[in-house]
Amino acid sequence: MRTQVLIVGAGPSGLLLGQLLHRHGIDTVIVERQSGEHVLSRIRAGVLEQGTADLMDEAGVGARMHAEGLVHDGFALTVDGVRHRVDLRALASGKTVLVYGQTEVTRDLMAARAAEGLTTLYEAADVRIEGFDGTVGPGGPGGAGGTGGTDGTGGTGGTSGTSGTSGTSGTSGRLPRATCTVNGEAVEIQADFIAGCDGFHGVCRASVPAGAISVFEKVYPFGWLGLLSDTPPVSHELIYTRHARGFSLCSMRSATRSRYYLQVPAGERVEDWSDARFWDELRARLDPEAAAALVTGPSLEKSIAPLRSFVAEPMRFGRLFLAGDAAHIVPPTGAKGLNLAASDVRYLSQAFIEHYRERSDAGLDHYSARCLARVWKAERFSWWLTSLMHNFDQEPAFQARLQAAELDYVLGSDAARRVLAENYVGLPL
Ligand code: RFL
Ligand code: PHB
């Protein structure tokens, strides 16, 4: 098979990129390790920034999101049993967020891709990529070899002024390609570029030579145990609760479907959490009004996600571009993961469109640096909100006093609340 942009991974990043490129006449093939049903069964993000919703509109898939998504103009932080509202609209210049599940985002994108008859190879086993690192750019060695710790600006050399099937002028003379097995048959797909949208455990980042990539990581000593249920939410807004027993979050997917999370120690097993244990623990952490309003019911899904901050730099290696969780992870406290993936995809789609339509590689050359500037700000915010709201009982008492002082400051200062709100609704693209 031959395509212009080969996309590895049919999560939100890969599907959104495919849709945006299709709207500009750029051909893509997606290879995905799992089945479509499996991708839809993963319960993840719930909060979309305005910029992410705008991108869904640009991709032509925003109709159901606007019809069914819930506009939220505030959320609450509960500390010491007292709930404090953060008025997003008032504090962040009229901006709001949209509560619409990642599952629904993915479903809408999958349906649009199927309706357009675009190729997605699901259940693609043993995906391997190669041939992306052979180019030498005008600024010196690009590709995977010479870019360690920088944004890889030298890497597009062979592509400038070319489009379509050209771009083989790298040192190896080979096109970027992926091989995999689908329905027992070997498949090879050649492309001008590869977009690595295959998440944290994907093959793309792992295919970059170790010396070419710098990794920055922080692993937290706890995870989030999540539960989804067809019960009405305790409140019409999200409640993030700091409690001596551990953090909790009350979120939702609709007026009749709730999503709750509990901070649990790293290594905890989901099998040890019956529904009854989950509900009892959640009730114990909530403020009295929320605890009284809690409606329990059978879980539709329960899973544990470890918490991690992670960034790989650069995000471009020759003709391979990483986007979304393949390049960076944030702890979910700030609701930034999917939104960051969307902003990467926005920059990457613009860069490919410029390449094919305007014959300019400026966007490709600046892709990594442009993304990373935004990524690190979201990393900072997510780390900060995680540090503020979780229970770090292994840490020295000094740390706990600082946390209490910071919470007191944030809740009491209009300026600090503005900073929180500005970051929560999403920094400018
Ligand atoms: P994904 O969603 O992981 O998709 C990657 C896809 O690549 C496939 N894949 C491969 N395909 C082919 N070959 C291989 N070798 C492959 N290896 C992997 C995978 O099967 C998969 O289909 O990454 P993507 O598209 O970059 O999307 C990122 C988001 O999923 C992620 O950032 C968010 O879910 C994070 N997140 C949240 N983000 C928000 O913006 N707001 C939130 O409210 C929010 N809440 C959350 C979250 C993540 C959570 N978990 C479980 C980590 C809440 C939770 C609990
Ligand atoms: C969710 O609804 O899954 C959700 C909401 C807000 C977060 C994290 C997850 O910060």
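Located above this text is the structure these notes cover.
In this numbering scheme, every chain counts its residues from 1 along its sequence in written order. Labels are handed out in written order, letters beginning with A for the chains and numbers beginning with 1 for the ligands. Restriction of local features to residues with pLDDT of at least 70 applies here, the model being predicted, together with a cutoff of 80 or more for giving and counting side-chain atom pairs; totals for whole chains, interfaces and linings are based on all residues. As a rule here, side-chain values come from all non-hydrogen atoms in the structure, and water together with hydrogens is ignored.

(A) The arrangement of the site of ligand 2 in detail. The immediate surroundings of ligand 2 are formed by 14 residues, with Tyr240, Ser251, Arg253, Tyr261 and Pro332 found nearest. Contact distances for ligand 2 include 2.7 Å between an oxygen atom and a side-chain N or O atom of Arg253. Between ligand 2 and Ala335, the relevant distance is 3.4 Å, taken from an oxygen atom to a main-chain nitrogen or oxygen of the residue. Where accessible areas are quoted, they stem from the Shrake-Rupley method and a 1.4 Å probe; at the residue level, only the protein chains shown are allowed to cover. In isolation ligand 2 offers 280 Å² of accessible surface; the protein chains occlude 97% of this area. To qualify as a helix, a DSSP run of H or I must reach at least 4 residues; to qualify as a strand, a run of E must reach at least 2; elements of each kind are numbered from the N terminus. Looking at the shell around ligand 2, the elements with two or more residues in it are strand 16 (248-252) and strand 17 (258-265). Residue type decides the class: Asp, Glu, Lys and Arg count as charged, Ala, Val, Leu, Ile, Met, Phe, Trp, Tyr, Cys and Pro as nonpolar, and the leftover types, Gly among them, as polar. The residue inventory of the shell around ligand 2, partitioned by class, reads eight nonpolar, three polar and three charged. Residues are counted as near a molecule or strand when any one of their heavy atoms sits within 4 Å of it. We define a polar contact as two N or O atoms separated by no more than 3.5 Å, with the added condition that, inside protein, one atom must be a possible hydrogen donor and the other a possible acceptor, whereas residues neighbouring each other in sequence contribute only through side-chain atom pairs.

(B) Expanded view of helix 3 (residues 50-58). For every residue, the accessible area (1.4 Å probe, protein chains only) is compared with the maximum for its type, and the residue is labelled buried under 20%, exposed over 50%, or partly exposed between those bounds. Regarding helix 3, the residues found buried are Thr52, Ala53, Leu55 and Met56. Looking straight down helix 3, one finds that the buried residues subtend no more than 155° of arc, so they occupy a single side. Buried-residue contacts for helix 3 involve helix 1 (12-23), strand 3 (47-48), helix 4 (63-68), strand 7 (97-99), helix 6 (102-115) and helix 9 (337-358). This arc corresponds to the set of directions leading from the helix axis out to the C-beta atoms. Residues count as neighbours in contact if any of their non-hydrogen atoms are within 4.5 Å of one another.

(C) Broad picture of the sheet that holds strand 21 (residues 328-329). Reading across the sheet, the eight strands line up as 6-5-15-16-17-14-18-21 and stay open at both edges, with mixed pairing between neighbours. In this open sheet, the two strands that pair with only one neighbour each are strand 6 (82-87) and strand 21. Interaxial angles span 0 to 180 degrees and are taken between N-to-C directions of axes, which are lines fitted to C-alpha atoms, for helices over the stretch in contact. Each of strand 5 (74-79), strand 6 and strand 15 (239-242) is contacted by helix 12 (residues 414-425), which is oriented at about 65° to strand 6, the strand it contacts most. Paired strands, in this sense, are two strands between which DSSP finds at least two bridges.

(D) Geometry of empty space enclosed by the protein. Grid spacing is 1 Å over the protein atoms alone, the probe is 1.4 Å, and a cavity is where that probe fits but cannot get out, while a pocket is an open set with protein on both sides within 12 Å along at least five of seven lines and lining residues have an atom within 4 Å of a point. Grid points are joined across faces, edges and corners, and a volume is the space filled by probe spheres set on the points. Tallied over the entire structure, the rule returns five cavities of 30 Å³ or more. The volume enclosed by the largest cavity comes to roughly 60 Å³. Taken together, Pro12, Ser13, Leu16, Leu48, Thr52, Met56, Val105, Leu109, Leu338, Ala341 and Ala342 make up the lining of the largest cavity. The set of elements that each furnish at least two residues to the lining of the largest cavity consists of helix 1, helix 3, helix 6 and helix 9. In terms of residue class, the lining of the largest cavity is built from nine nonpolar, two polar and no charged.

(E) Highlighting unusual backbone geometry. A cis geometry characterises the amide bond from Glu313 onward to Pro314, with omega recorded as -10°. Relative to the helices and strands, Pro314 is located in the loop between strand 18 (299-313) and strand 19 (316-317). Of note, Asp126 is a non-glycine position whose phi angle comes to about 55°, a positive value. Among the secondary structure elements, Asp126 is positioned in strand 9 (residues 125-130). Phi at Asn183 is positive, roughly 50°, even though this residue is not glycine. Tracing the backbone through its elements, the reader meets Asn183 in the loop between strand 12 (177-182) and strand 13 (185-196).

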